[in-house]
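Spelled out, the chains give:
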Amino acid sequence: MDPLSITASALGITGFALSSISNIRRIIDDIQEANDVMQDVTSNLEAIELPLSALEKLQITDSTTHAEIKEDLKKTGVVEAVNKCGQACAEFKKKLEQWTRHSSTTKLSLRDRLSVGLWKKEKIQTFRTQVLTCQAIVQFAIESAQLLIQVRSENASKAGRQETEKQLRVLEAAIQEHIELTQRTQDETLQRKKELESPEDEDEDEDGGAQRTLAIQETEERSRVLEADQAASSAVSQILSKLSVQQVAGTYHVVFSGTNNGGMQIGHNSAPVNWTSSRN
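This is a predicted model, so every value here is computed, not measured.

Visitor: Residue-level account of the overall build of the chain, with values.
Guide: On a plain count of helices and strands, the chain comes out with ten helices and two strands. Each helix (α) and strand (β) of the chain, taken in turn from the N terminus, gives the series α-α-α-α-α-α-α-α-α-α-β-β. Per-residue burial over the chain gives 45% buried out of 280 residues. In the chain, the share of contacts with a sequence separation of at least 24, taken over all contacts with a separation of at least 6, comes to 82%. Here the chain has roughly 14400 Å² of accessible surface; of this, 47% comes from carbon and sulfur atoms.

Visitor: Provide a residue-level description of the environment of Lys123, including the pertinent values.
Guide: Within the fold, Lys123 resides in helix H8 (residues 118-151). A residue is classified by how much of its surface remains accessible, and Lys123, at 17% relative accessible area, is buried. Sequence separation between Lys123 and Arg222 is 99 residues; the distance between their C-alpha atoms is 9.1 Å. The residues touching Lys123, leaving out its near neighbours within four places in the chain, are Lys95, Trp99 and Glu218. A polar contact of 3.5 Å, which involves the side chain of Lys123, links it to the side chain of Glu218.

Visitor: Any details on the environment of Asp62? Residues and values, ideally.
Guide: By the secondary structure assignment, Asp62 is in the loop between helix H4 (39-55) and helix H5 (63-75). Once the C-alpha coordinates of Asp62 and Leu4 are considered, the two residues, 58 residues apart in sequence, prove to be 7.7 Å apart. Polar side-chain contacts of Asp62 include one of 2.8 Å to the backbone nitrogen of Thr65.

Visitor: How would you sum up the nonpolar core? Please name residues and give values.
Guide: In terms of nonpolar packing, the biggest core is built from 40 residues, with Ile24, Ile48, Ile69, Leu73, Val82, Phe127 and Val138 touching the most fellow members. Counting only elements with at least two residues in this core, the list comes to helix H1 (8-11), helix H2 (15-30), H4, H5, helix H6 (78-100) and H8. Residue contributions to this core peak at twelve residues, all from H8. Here Leu73 is in contact with Ile6, Leu11, Leu55, Val78, Ala141, Ile142 and Ala145, once residues within four sequence places are set aside. Judged by nonpolar contacts, the second largest core, of seven residues, contains Ala136, Leu171, Ala174 and Ile179.

Visitor: How would you summarise the side chain of Thr182 if you had to cite specific residues and measurements?
Guide: For Thr182, the location among the structural elements is in helix H9 (residues 158-197). A distance of 2.7 Å separates the side chain of Thr182 from the backbone oxygen of His178, its partner in a polar contact.

Visitor: An account of the packing of aromatic side chains is needed here, citing residue identities and associated values.
Guide: Counted by the stated rule, this structure contains one aromatic pair. Between Phe92 and Phe127, the ring centres sit 4.2 Å apart and the planes meet at 5 degrees, which makes this aromatic pair stacked. Here Phe92 is found in helix H6, whereas its partner Phe127 is found in helix H8, with 35 residues between them in sequence. Owing to a relative accessible area of 1%, Phe92 belongs among the buried residues under this scheme.

Visitor: Could you give me a rundown of the pattern of salt bridges, with the residues and numbers involved?
Guide: On inspection of all chains with the given rule, the structure shows 13 salt bridges. Note that Glu172 and Arg169 form a salt bridge whose closest N and O atoms lie 2.8 Å from each other. Linking Glu172 with Arg169, this pair stays in helix H9, spanning three residues, or about one helical turn. By relative accessible area, which is 40% here, Arg169 ends up partly exposed. The residue Glu195 makes a salt bridge to Arg192 at a minimum N-O spacing of 3.6 Å. Pair noted here: Glu195 and Arg192 are both in helix H9, with a separation of three residues, about one helical turn. With a relative accessible area of 24%, Arg192 lands in the partly exposed category.

Visitor: An account of the packing of H2 against H4 is needed here, citing residue identities and associated values.
Guide: Where H2 contacts H4, the axes come no closer than 10 Å and their chain directions differ by 145 degrees. Read as a crossing pair, H2 and H4 show a hand that is left-handed. Mapping the contact onto sequence places Leu18, Ile21, Ser22, Ile24, Arg25, Ile28 and Asp29 in H2 and Val41, Thr42, Leu45, Glu46, Ile48, Glu49 and Leu52 in H4. Within the contact of H2 with H4, the residues separate by chemical class into eight nonpolar, two polar and four charged.

Visitor: Report on the confidence of the model for the chain, specifying residues and quantitative values.
Guide: Averaged over the chain, the pLDDT score is 76; the fraction of residues at 70 or greater is 69%. Looking at the elements of the chain, mean pLDDT is at its lowest for strand E2 (residues 251-256), recorded as 41, and at its highest for H2, recorded as 91. Ignoring residues within four places in sequence, the model shows residues 244-280, a span with pLDDT below 50, making 104 contacts including any to other chains.

Rules and cut-offs
- Residues numbered from 1 in each chain as written.
- Predicted model: local features only at pLDDT ≥ 70, side-chain atom pairs only at ≥ 80, totals over all residues.
- Heavy atoms only, no water.
- Helix = DSSP H or I, 4+ residues; strand = E, 2+ residues; numbered from the N terminus.
- Buried < 20%, exposed > 50% of the residue type's maximum accessible area, 1.4 Å probe, protein only.
- Contact = heavy atoms within 4.5 Å.
- Areas by Shrake-Rupley, 256 points an atom, 1.4 Å probe, with all protein chains shown as cover.
- Polar contact = N/O pair within 3.5 Å; in protein donor to acceptor, adjacent residues only side chain to side chain.
- Core = buried A, V, L, I, M, F, W, Y, C linked by side-chain atoms within 4.5 Å.
- Phe/Tyr/Trp six-rings, centres within 6.5 Å; stacked < 30°, edge-to-face > 60°.
- Salt bridge = Lys/Arg side-chain N within 4 Å of Asp/Glu carboxyl O.
- Axes fitted to C-alpha atoms, helices over the stretch in contact; angles between N-to-C directions.
- Left-handed = near helix turned anticlockwise from the far one by under 90°.
- Nonpolar A, V, L, I, M, F, W, Y, C, P; charged D, E, K, R; others polar.
- pLDDT = per-residue confidence, 0-100.

Here it is as structure tokens:
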């Protein structure tokens, strides 16, 4: 039979989400000062788009494997992550358009207007967090699909099994690093919330504290995003810790021990997607 592929839309990722991610990246790229302030955002948005494009190029020759990989991808949370990121991009696009509506050489530069104000600072940081979280989930999900396709290949060799174990260890290490980084960022966010709730000089608020209230709400939203990120990453990590690759009668099977056997399945990846993380 002809090789099968998996499209983002077949998983449930909406066209609105994909177009919103693409649109905000182009807008930030086109506004030089915005790109200077949020250069990390554009690179992370691109790191979401490219793996999703690569997903459709995966070649699967077996219909059963095709169906199982689709189901495993859904279990990683990639659909929800991309759709939520798309919504966040659409909302941030509206804010960015508002902030640049009256831009001129006689007014504050966009760089300055993106940098001043409690709410804007926290809003931008929350958006950064939403994008980076989505990037991590997409990278983990697509890499797991690549590995699974390879481990189920009938042409798997002894060298392939060894490479599978190597790639598995790399993925486990990347997830653990991400969990630790997310926990530190969560701690910093909670500390930031406390600082906003108890300002050293309350007389600085010329708007009756409205901007501070909005800023606190942003830290709360960011905390929820990070909490969900930690929960998803921890679940994947627990699954991977029970994963082993065994040779049985010339074929290779992914085996889970214990009763908690939901989530991603991992195999050999001959062309891995490199995953990196960073936070400001």
